[in-house]
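Topology and contacts: notes
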Amino acid sequence: MTSPITRRLLIASALSAFATVGHTSSQSYELVAQGSRVAFIFTANGASQSGTVPVQQADILVDRRDLSNSTARVTADIREIRSGLVFITQAIKSRELLDAATHPLVTFESTRIRLGAKGRISEGAQIEGQLTLRGVTRPITLDAVLSRPAGTPPDDLSVLFIQLDGQLSRSAYGASGYPDLADDIVRLDIRAEIRARA
């Protein structure tokens, strides 16, 4: 069985190969909704809590000649947010926190990709972008990994998996309610499955 690290190296090699054999430079991808979600992790009353938001839309363009020119725009609907406890879900949607009734969508739009070792997204890449939450737009940097399904040929880039990890200060976006109950820092764990458009 191929290890995750080996799969990432193979996908990096395949992407590099595309850049040198005369294929069209850019490939557009569409979201596979059932394989995608935004997870968030925070501390409330000293205990770790988590929840998820389904990804509503993702516009991904992979430039196979220069991966740093790839772009991503991801939208999620926080009215569909879920956590392990009903009262926490209601609090997150409330005006004191994300104010889902007034600001239902959260969006991330990339502005720059910093590639990892040897120009690879599979080795320590970072995606800089603008995150809009609760009507406030601020810069954010996410750690990024790109991989493909296990068992697929190295040159098969028809389906890709994107993993993004980072953190934010909720008060920086105006979600400052319940400061005595929940920590300010929220960790993000984003998973997206994308499929090449024909």
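Everything numeric in this text was worked out from a predicted model, so none of it was measured.

Cut-offs used in this document
Residues numbered from 1 in each chain as written. Predicted model: local features only at pLDDT ≥ 70, side-chain atom pairs only at ≥ 80, totals over all residues. Heavy atoms only, no water. Buried < 20%, exposed > 50% of the residue type's maximum accessible area, 1.4 Å probe, protein only. Helix = DSSP H or I, 4+ residues; strand = E, 2+ residues; numbered from the N terminus. Arc of directions from axis to C-beta. Pairing = 2+ DSSP bridges. Core = buried A, V, L, I, M, F, W, Y, C linked by side-chain atoms within 4.5 Å. Contact = heavy atoms within 4.5 Å. Lys, Arg positive; Asp, Glu negative; His and termini not counted. Salt bridge = Lys/Arg side-chain N within 4 Å of Asp/Glu carboxyl O. Polar contact = N/O pair within 3.5 Å; in protein donor to acceptor, adjacent residues only side chain to side chain.

This brings us to helix α2 (residues 86-93). Regarding α2, the residues found buried are I88, T89 and I92. Taken end-on, α2 shows its buried residues confined to a sector of 100°, consistent with a single buried face. Of the exposed residues in α2, the ones pointing more than 90 degrees away from its buried face are V86, F87 and Q90.

This brings us to the pairing of strand β10 (residues 185-196). As judged from the nine bridges shared by strand β1 (residues 26-44) and β10, these two strands associate in the antiparallel manner. Counterpart to L31 in the pairing with β10 is I194. Note that strand β9 (residues 159-169) and β10 share 11 bridges and pair antiparallel. Among the inter-strand pairings, F161 is bridged to a residue of β10, identified as E193.

Here seven bridges tie β1 to strand β2 (residues 47-53), and the two strands are oriented antiparallel to one another. Residue pairing across strands places V38 opposite V53, the latter belonging to β2. Turn length for the β1-β2 hairpin, with the two strands adjacent in sequence and antiparallel, is two residues, and the turn residue N45 shows positive phi of about 55°.

A few words now on the nonpolar core. The biggest cluster of nonpolar side chains holds 47 residues, and the ones touching the most others in it are F40, I60 and I92. At six residues, the largest contribution of residues to this core is made by β1. With residues up to four places along the chain from it excluded, the contact list for I92 reads F40, F42, I81, L97, L98 and D99.

A separate point is the side chain of D63. Mapped onto the fold, D63 is located in strand β3 (residues 55-63). It turns out D63 is buried and unbridged, and the closest side chain with the opposite charge, R65, is 6.0 Å from it. A distance of 3.0 Å separates a polar atom in the side chain of D63 from the backbone nitrogen of R65. There is a polar contact of 3.1 Å between the side chain of D63 and the backbone nitrogen of D66.

Moving on, we come to the side chain of S83. Inspection of the secondary structure puts S83 in strand β5 (residues 82-83). Here the side chain of S83 touches L85 through a polar contact of 2.9 Å, landing on its backbone oxygen. A distance of 2.8 Å separates polar atoms of two side chains, one belonging to S83 and the other to T89. What S83 contacts, discounting residues up to four positions off in sequence, is S50, G51, I88 and T89.

Attention now moves to the environment of S28. Tracing the backbone through its elements, the reader meets S28 in strand β1. Judged by relative accessible area, S28 falls into the partly exposed class, the value being 28%. When the C-alpha atoms of S28 and A198 are compared, they prove to be 8.6 Å apart, with 170 residues separating the residues in sequence. Apart from residues lying up to four places away in sequence, S28 is in contact with I60, L61, R195, A196 and R197.

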